Amino acid sequence: MDVSTLLQAQNDKFKSIEVDKEHEIDPGLLLVSDLNPIDAEAHEANLEDHLQSTARDGVQALLAALFSLPIHSSPDGPVAKLPAPTYELPRAKPLPKPKPQTKWERFASAKGIQHSVKDKKVWDEEKQDWVNRWGRYGKNKELEDQWLTEVPANADVDFDPAKDAKTKRKEVIAKNTKQRDANLARAQKAADPKESRKKEIESTLQSTRKSTASMGKFDKKLDGEKKIRGIKRKFEPAEVSAANERKSSLAILAGLEGSSAKKARRAEQDGQGASDVVNVRKAVKFASGGKGSHSLARSASTQKGKTSFKKGKR
Amino acid sequence: MRPLTEEETKTLFTKLANYIGKNLTQLIDRSDEDYCFRLHKDRVFYVSESAMRLAISVARPNLISLGTCFGKFSKTGKFKLHITALDYLAQYAKYKVWIKPNGEMPFLYGNHVVKAHLGRITEDTPEHQGVVVYNMSDIPLGFGVTARSTADTRKLDPTAILVFHQSDVGEYLRDEDTLF
């Protein structure tokens, strides 16, 4: 029996997997672009059919490309690794604006000074190890914990080398903070002077418009003058889910407790325990019969002595 | 009617925490039903979720009250507790003051609690602590703020003020027009 006719009949039921159009295919992104000109006749005759056949051709081409990739087997079945994408997707967000230069950066760029990154670690000859340049166990604190320090000849009587080193280090930190703040302030000021000036003028205009006896109500309106709008307050919707609300209010409560934790700790040291578990002062007062913790401790130690004495007597 | 903003919530909680301390979590995190705080015409209401959802459908000018009024925000953003909150404060109060029968009427007319009228006080009450005032048969009458800590009260003369009056149940009659 000749099965070839049967096979032929079976194959004829499905469309050919061959696609006779050129497509741009990027298997990495599973992307097909059909750059062929639209067949006007087919498009006019039946739009749906035309679109469907175009889409089918594209998908067929993509699948053919996928099946031509090298395939290896895995526990989940045969797997093909997609190549790296070649199509360049456009950027979703605009490019970040360049940061305003600091004073030093401006100077360095004018003088052509290259920036070199310092390592965070430096080699310590004594320890024979890499140590932090600053921070925890930093090299910059080295002078502060020496057991012996050379005192300069003209030093004061109460010269403390460790303290001196520490104040010097703190001064450097303070100077850096000051310079950083100045840089931030400068950057703030330099942020588009034109725009800030415009805002300033607008706010001045707004305040003058309502600076009349009727607060601007009966003033002559100019053409195209806009209504003054205040700040619009925005609140949570009233029908927010109660579970969410409870969570947020518990978070606020935790924040409040955090801020008052210091106060509570002090109160606890006084014995007025905010911790609700044991009021230490009250407990001590009760146990000692109002005589205080010292007498309690003393009586406890004498009690011990007494018991041992009794034992000896027996 | 709207939920409180974060700032308003903070103000409210600090005020309540002065009276009920950490028990405040019991008000927020209830086992029976979810309760929430809602602001309506500057007043804060403590209301169950189901009642709140029913009240949503009432127009703002028509809504007079819902749940329990805890107090109101002043125009400067401070929070003032109302006597209607007494039920919850008395339930969870951390520090309490009991006054003798002869001191009940003066307190209910809006006077401060003097030492002569003091029956009992929670031990170790600090100064300027929010307290709930009870009569000797444990009926809450109002609340106030202590003028002195418990330790300091011993040496005072009988006319010295111990608790500054803040609110009492007499307000239900005295401030009937403005309270609700």
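The shown structure was predicted, so the numbers you read here are calculated from the model rather than taken from an experiment.

The rules we used
Residues numbered from 1 in each chain as written. Chains lettered and ligands numbered in written order. Predicted model: local features only at pLDDT ≥ 70, side-chain atom pairs only at ≥ 80, totals over all residues. Heavy atoms only, no water. Domains from an automatic or database assignment. Contact = heavy atoms within 4.5 Å. Buried area = accessible area lost by both parts, 1.4 Å probe. Salt bridge = Lys/Arg side-chain N within 4 Å of Asp/Glu carboxyl O. Nonpolar A, V, L, I, M, F, W, Y, C, P; charged D, E, K, R; others polar. Pairing = 2+ DSSP bridges. Helix = DSSP H or I, 4+ residues; strand = E, 2+ residues; numbered from the N terminus. Phe/Tyr/Trp six-rings, centres within 6.5 Å; stacked < 30°, edge-to-face > 60°. Buried < 20%, exposed > 50% of the residue type's maximum accessible area, 1.4 Å probe, protein only. Lys NZ or Arg CZ within 6 Å of the ring centre and 35° of its normal. Core = buried A, V, L, I, M, F, W, Y, C linked by side-chain atoms within 4.5 Å.

Another aspect to go through is the domain arrangement of chain B. Residues and elements named next belong to chain B. As assigned here, chain B comprises domain 1 (2–88) and domain 2 (95–174). Each of domain 1 and domain 2 has a C-alpha centre, and the two are 25 Å apart. Facing the seven residues of domain 1 at the interface are 17 residues of domain 2. With both sides pooled, the region where domain 1 packs onto domain 2 buries about 920 Å², and carbon together with sulfur makes up 61% of that total. Together, Tyr19, Ile83 and Leu86 form the three largest contributors to the area buried by domain 1 at its contact with domain 2, with a combined 69%. Linking domain 1 with domain 2 are zero salt bridges, by the criterion used here. Residues of the side of domain 1 that touches domain 2, tallied by class, amount to four nonpolar, three polar and no charged.

Our next topic: the sheet that holds strand β9 (residues 130–135) of chain B. The sheet built from six strands is open, its strands ordered β7-β11-β10-β9-β6-β8 (chain B) with mixed pairing. With one partner strand each, in any of the chains shown, β7 (113–114) and β8 (118–121) of chain B form the two edges of the open sheet.

Right, let's get into the sheet that holds strand β1 (residues 2–3) of chain B. The pairing of strands in a sheet happens through backbone hydrogen bonds and is either parallel or antiparallel. Residues and elements named next belong to chain B. Pairing is antiparallel in the open sheet, where five strands are placed in the order β1-β2-β3-β4-β5. In the strand order of this sheet, the two ends are held by β1 and β5 (79–81), each with one partner. Inspection of the sheet shows strand β2 (residues 35–40) paired to strand β3 (residues 43–48) by six bridges, in the antiparallel sense. Looking at the pairing, Cys36 lines up with Val47 of β3.

What follows covers the packing of aromatic side chains. For the structure on display, the rule yields twelve aromatic pairs over all chains. An angle of 65 degrees between the planes, with centres 6.0 Å apart, marks the rings of Phe13 of chain B and Phe37 of chain B as edge-to-face. Of this pair, Phe13 of chain B sits in helix α1 (residues 6–20) while Phe37 of chain B is found in strand β2, placing the two residues 24 residues apart along the sequence. Phe13 of chain B gets classed as buried once you look at its relative accessible area, which sits at 0%. Taking 4.9 Å as the distance between ring centres and 35 degrees as the angle between the ring planes, the aromatic pair formed by Tyr35 of chain B and Tyr46 of chain B counts as tilted. In this pair, Tyr35 of chain B sits in strand β2 while Tyr46 of chain B sits in strand β3, placing the two residues eleven residues apart along the sequence. Residue Tyr35 of chain B shares its accessibility class with Tyr46 of chain B, and that shared class is buried. Taken together through their ring pairs, the aromatic side chains of Phe13, Tyr35, Phe37, Tyr46, Phe70 and Tyr88 of chain B make up a single cluster. The ring of Trp134 of chain A carries the charged tip of Lys120 of chain A above its face, separated from the ring centre by 5.2 Å.

One finds Phe13, Leu16, Leu27, Phe37 and Phe70 of chain B to be the most contacted residues of the largest nonpolar core, which totals 35 residues. When residues of this core are sorted by domain, at least three fall in each of domain 1 (2–88) and domain 2 (95–174) of chain B. If sequence neighbours within four positions are ignored, Phe13 of chain B has contacts with Ser249, Ile252, Leu253 and Leu256 of chain A together with Leu24, Ile28 and Phe37 of chain B. Among the nonpolar cores identified, the runner-up in size contains 14 residues, and Val113, Leu141, Leu156 and Ala160 of chain B belong to it.

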